[in-house]
Each structure stands twice: as structure tokens, then as C-alpha cells.
Amino acid sequence: MKPTPRALAIGAHPDDVEVGCGGTLAHLARAGWHCTIIIATNGNKGSHDPARSPHLLAATREEEQRAAAAQLGVQQVLFLRYNDGELEYTPALRMELALYIRHLQPQRVFTHDPWRMYMLHPDHRAVGFAVLDGIVSARDHLYLPGFTQLGIGVWRPATLDLWMAEQPNHTEDISDTLETKFAALDAHTSQMQAGREWVQRMRQRALEAGQAAGYLAGEAFRRIAL
Ligand SMILES: [Zn+2]
């Protein structure tokens, strides 16, 4: 029997993964892939309501993320629970992500494009760079030698796809999973304060990305072959 292929999507906040690659993950899950989502921060600054408790917000957003993952058919969600807005690119974060990659052994990895010009949110850049560099530490045996000795050996994913990419070079067909992507986004109820306008923009983006590649709907990425 062929081993189950695995995908790993790493986002800074609850909802980033659905925005970036929700349709693609749903597609992979339907095709029998085992999918894992890692969320780096607890999202506890994701509100414009001054009365909202950041502690309660963090708990709510984990529940929402679990519900969104269930919509996509994603089997596993891991929360790293760093404080929202305070994530920094450090060797420790790079090593942590490298160990998840070695342990989970995904063929495909998805994350933020840290080179996206004028992207405001610092957590998105920190995660993007830490994943890129974490893949190098996961893949090359002279990194993390103690873990190699423990049996957490090297792992080289086949591809890394950067979502919301500055220069996309690959589009996934999500015609069949467009509505699943938006059902998953809908699970992030606490983030719908901005109204439906934002969701409409996302939908327009998916339709445009798809049409440019000859599909009904798509998610565009910068693909890096590893
Ligand atoms: Zn985000």
C-alpha cells in the first residue's frame, strides 16, 4: 500500500491558511492527503472592539480555527500560541518549525510570501522567513545534529508554495472547492466584523486567479521546488 501523502500549511494567525490555501488544502484532503495546519500566534489582537478580552478572543479563535479545519477536511491543527503581533524571526522559531517539518514529513508545504511588497503585518513576514529557513534546517543533516541522533532525521518536502505571492508562478485549480474555502472562512465568525466586503474581495481574487490559468477558480502561489 502506498503511504498517505502529507501536506502542511503554516500561518501566522487563525484564518490566514483559509485565505491563502484553503481551497487547495480541501482539494488535497478530498484526494486522500493527510493535512496539518500550524498556527503560530493566538490571534489575540484580531479585534477592533475595545470591550473584547484578548484572552477570550484567543480561545474563541482556536475554536473557530478547528471548525474551519473541519470544513476543509484537515485532520490536524497545532497552535504554537505566540502572542499576536509580537512574533519575531529568531533561530528558535526557525528550529521549532524545522522540527515540525522533520516530524510531520510533508511532501507539500504552504506559507506566507515574506517578500510580498508593502505587506504590513510583521507576523506574516516572520512566519514566511522562518518557514523558508526552517526547511533548510529540516532538509540538511548537519543542522540539528542532536535531533538527527535521536531519530528525528532530515526531511525534504518536494515543494513550498507561498500564498499571496508577490510574483506567482503556479495556480491550483480550486473550482471544486471554492465554496468549501468560503465555508471555512465563514467559521472565523470573530473576524467578520469588517463585513462581507472583505470576503467578496477574496472571492473576486479566487475567480481572477483561476481565470488567468484557465480554471473557474484558483489559488495562485510562488512555487519553490526543493
Ligand atoms: Zn494574518
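Caption draft 1: Looking closely at the overall build of the chain. Broken down by element type, the chain carries seven helices and seven strands. Element order for the chain, N to C, with α for helix and β for strand: β-α-β-α-β-α-β-α-α-β-β-α-α-β. For a compact globule of 226 residues, the expected C-alpha radius of gyration is about 17 Å, and the chain comes in at 17 Å, within 12% of that figure. Structurally, the chain occupies a C-alpha span of about 50 × 45 × 35 Å along its principal axes. Across the 226 residues that make up the chain, the buried fraction comes to 49%.

Caption draft 2: Seen up close, the layout of surface pockets. Estimates place the volume of the largest pocket at around 840 Å³. Together, 28 residues line the largest pocket, and Asp15, Asp16, His121, His124 and Trp198 are the ones closest to its centre. Mapped onto the lining of the largest pocket, the elements with two or more residues apiece are helix H1 (16–30), helix H4 (122–139) and helix H7 (197–213). Tallying contributions element by element places H7 first for the lining of the largest pocket, with four residues. Its residues placed into classes, the lining of the largest pocket shows nine nonpolar, 10 polar and nine charged. Taken as a whole, the second largest pocket holds about 230 Å³ of empty space. Lining the second largest pocket are 15 residues, with Met164, Arg205, Ala209, Glu219 and Ala220 sitting closest to its centre.

Caption draft 3: Up close: the side chain of Glu219. In this structure, Glu219 sits in strand E7 (residues 218–225). Judged by relative accessible area, which is 4%, Glu219 ranks as buried. Within polar-contact distance, the side chain of Glu219 engages the backbone nitrogen of Gly23 at 2.9 Å. If sequence neighbours within four positions are ignored, Glu219 has contacts with Glu18, Val19, Gly20, Cys21, Gly22, Gly23, Thr24, His170, Thr171, Glu172, Ile174 and Lys181.

Caption draft 4: Representation of the coordination of the zinc ion in the model. In the first shell of the zinc ion, the protein supplies His13 (ND1), Asp16 (OD), Asp16 (OD) and His124 (NE2), at 2.1 to 2.3 Å from the metal. Each of the four donor atoms around the zinc ion contributes to a set of angles spanning 57 to 130°, which defines the coordination as irregular. For the zinc ion, all donor residues lie on one chain, and their spacing in sequence is H-x2-D-x107-H. Of the two residues, Asp16 is situated in helix H1 and His124 in helix H4; the sequence distance between them amounts to 108 residues. Side by side, Asp16 and His124 carry an identical accessibility label, which is buried.

Conventions adopted
Residues numbered from 1 in each chain as written. Predicted model: local features only at pLDDT ≥ 70, side-chain atom pairs only at ≥ 80, totals over all residues. Heavy atoms only, no water. Helix = DSSP H or I, 4+ residues; strand = E, 2+ residues; numbered from the N terminus. Rg over C-alpha atoms; globule rule 2.2 N^0.38 Å. Buried < 20%, exposed > 50% of the residue type's maximum accessible area, 1.4 Å probe, protein only. 1 Å grid on protein atoms, 1.4 Å probe; cavity = no way out; pocket = protein on both sides within 12 Å on 5 of 7 lines; lining within 4 Å. Points joined across faces, edges and corners; volume = space filled by probe spheres on them. Nonpolar A, V, L, I, M, F, W, Y, C, P; charged D, E, K, R; others polar. Polar contact = N/O pair within 3.5 Å; in protein donor to acceptor, adjacent residues only side chain to side chain. Contact = heavy atoms within 4.5 Å. Donors = N, O, S within 2.8 Å, 3.2 Å for Na, K, Ca; no water. Tetrahedral: all angles 85-135°; square planar, octahedral: opposite > 155°, others 65-115°.

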